[in-house]
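# Reading the structure
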Amino acid sequence: MRSWMSWIMVTPFALWAAVRLSGFEPDWPWVPVVAFTPHAAAGAALGLALAGLLRRWAAGAVALVTVLALGVTVLPRAVPDPAPGARGAALRVLAANLLVGTADATELTGQVRSLRPDVLTLQEFTPLAERRLEAAGLRELLPYAVTRPAEGAGGSAVYARHPLTAGELIKAGGFGQATAVLKHPGGARVEIVSVHPCAPKRLGRQPCWLAGLERLPRGDGRLRVLAGDFNATLDHLPLRELLAAGYRDAADAMGRGLSTTWGGWGPLPGVTIDHVLAADRMAVRDFRVLAPVGSDHRPVYAELLLP
């Protein structure tokens, strides 16, 4: 009985670690499930403790390897990375998912007033949300905007303190990701993308989700910031490939990569699916997950330094 108990606890997390480290990403339901890898690492540690308590040494050995394997993928997110030698002007970025336009416009505008971001990217941006935000005074704080509102969850926008030039809308599966080029007062031109691929929450959504991530621009030496609801964590292969193509994740760079941005209510633990990615020539000076503003996502804020 004790052997069965220990193996029942250890085996699922061992299989989890094997798939996570394999370099292969299966389809649904793995794509939504793998977002919970930090919690799986904690579960694997409990399995190790149980195997030790029951003196099941074979199960304990498997559990130890599992804990080490998942720890290697998860723990570096809690350790700050060395910053590149960027010493230029600051660029403050705020990103918020509006929950199909129902988030509290007054609270979000209050965060903008307090934090004074240079750029705000919005997701699930509806025509009604646009009217509410501008009535709350957002346009007075951030007078430049490229807005792509849509009914439902597919709209997005970029607001800014400095002049913007509209870019091409990145569209996949009815989800539009607005792009714009910001003219910084120091002379730099920074491309901004309001990121929001569709959520892979049910069978059949993986192609839409994957296309939304794959169509994001790869790093090519330009100054660029991708900010918003990626519907992906650092445990998803497409996001890791995007980072490897020339970006740094602001939360990970500051050692705050385990701060959750969605979930954490009821029995469902939180996951980290909202990000600010900066071109790897840029440094990260600050990152925060903010109080919710009437949405199921928490806004994220980063302060970057231009080279």
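Above: the structure in question.
To keep things clear, this report deals only with the structure shown in the data block. (Residues numbered from 1 in each chain as written. Predicted model: local features only at pLDDT ≥ 70, side-chain atom pairs only at ≥ 80, totals over all residues. Heavy atoms only, no water.)

### Quick notes on the layout of surface pockets
Roughly 510 Å³ of volume is contained in the largest pocket. Along its surface, the largest pocket is lined by 27 residues, and Ala199, Lys201, Asn231, Trp262 and Ile273 are the ones closest to its centre. The greatest single-element share of the lining of the largest pocket, amounting to three residues, is contributed by helix H2 (residues 30-33). A class-by-class count of the residues in the lining of the largest pocket yields 17 nonpolar, five polar and five charged. Roughly 160 Å³ of internal volume is contained in the second largest pocket. When residues of the lining of the second largest pocket are traced back to their parent elements, those giving at least two are helix H8 (206-214) and helix H9 (237-244). Its residues assigned to classes, the lining of the second largest pocket comprises six nonpolar, one polar and five charged. (1 Å grid on protein atoms, 1.4 Å probe; cavity = no way out; pocket = protein on both sides within 12 Å on 5 of 7 lines; lining within 4 Å. Points joined across faces, edges and corners; volume = space filled by probe spheres on them. Helix = DSSP H or I, 4+ residues; strand = E, 2+ residues; numbered from the N terminus. Nonpolar A, V, L, I, M, F, W, Y, C, P; charged D, E, K, R; others polar.)

### Details of unusual backbone geometry
Note that the residue after Trp28, namely Pro29, is joined by a cis bond; omega there is 10°. Here Pro29 lies in the loop between helix H1 (2-20) and H2. Backbone geometry places Leu99, a non-glycine residue, at a positive phi of 50°. Inspection of the secondary structure assignment puts Leu99 in the loop between strand E1 (90-97) and helix H5 (105-115).

### Digging into the side chain of Arg77
As for its placement among the helices and strands, Arg77 is situated in the loop between helix H4 (57-74) and E1. In this structure Arg77 comes out as buried when scored by relative accessible area, which is 5%. When neighbours within four sequence positions are excluded, Arg77 is seen to be in contact with Arg20, Pro38, Leu234, Asp235, Ala251, Asp252, Gly255, Arg256, Gly257 and Leu258. (Buried < 20%, exposed > 50% of the residue type's maximum accessible area, 1.4 Å probe, protein only. Contact = heavy atoms within 4.5 Å.)

### Examining the environment of Gly212
Along the chain, the position of Gly212 falls in helix H8. Judged by its relative accessible area of 1%, Gly212 is buried. It is 7.8 Å that separates the C-alpha atoms of Gly212 and Phe175, two residues lying 37 residues apart in sequence. If near-sequence neighbours (up to four positions away) are discounted, Gly212 is found in contact with Ala172, Gln177 and Pro197.

### A look at the packing of aromatic side chains
Given two aromatic rings, their pairing is described by the distance between the two centres and the angle made by the two planes. Per the counting criterion, the structure on display carries two aromatic pairs. With centroids separated by 5.6 Å and ring planes inclined at 65°, the aromatic side chains of Trp16 and Trp30 adopt a geometry described as edge-to-face. Here Trp30 lies in helix H2 and Trp16 lies in helix H1, a separation of 14 residues in the sequence. Each member of the pair, Trp16 as well as Trp30, is classed as buried. Aromatic pair Phe125 and Tyr159: ring centres 6.3 Å apart, planes at 70°, arrangement edge-to-face. Taken together, the residues Phe125 in the loop between strand E2 (119-123) and helix H6 (127-135) and Tyr159 in strand E4 (residues 156-160) connect sequence positions 34 residues apart. For the pair Phe125 and Tyr159, a shared accessibility class is recorded, and that class is buried. (Phe/Tyr/Trp six-rings, centres within 6.5 Å; stacked < 30°, edge-to-face > 60°.)

By themselves these figures say nothing about function.
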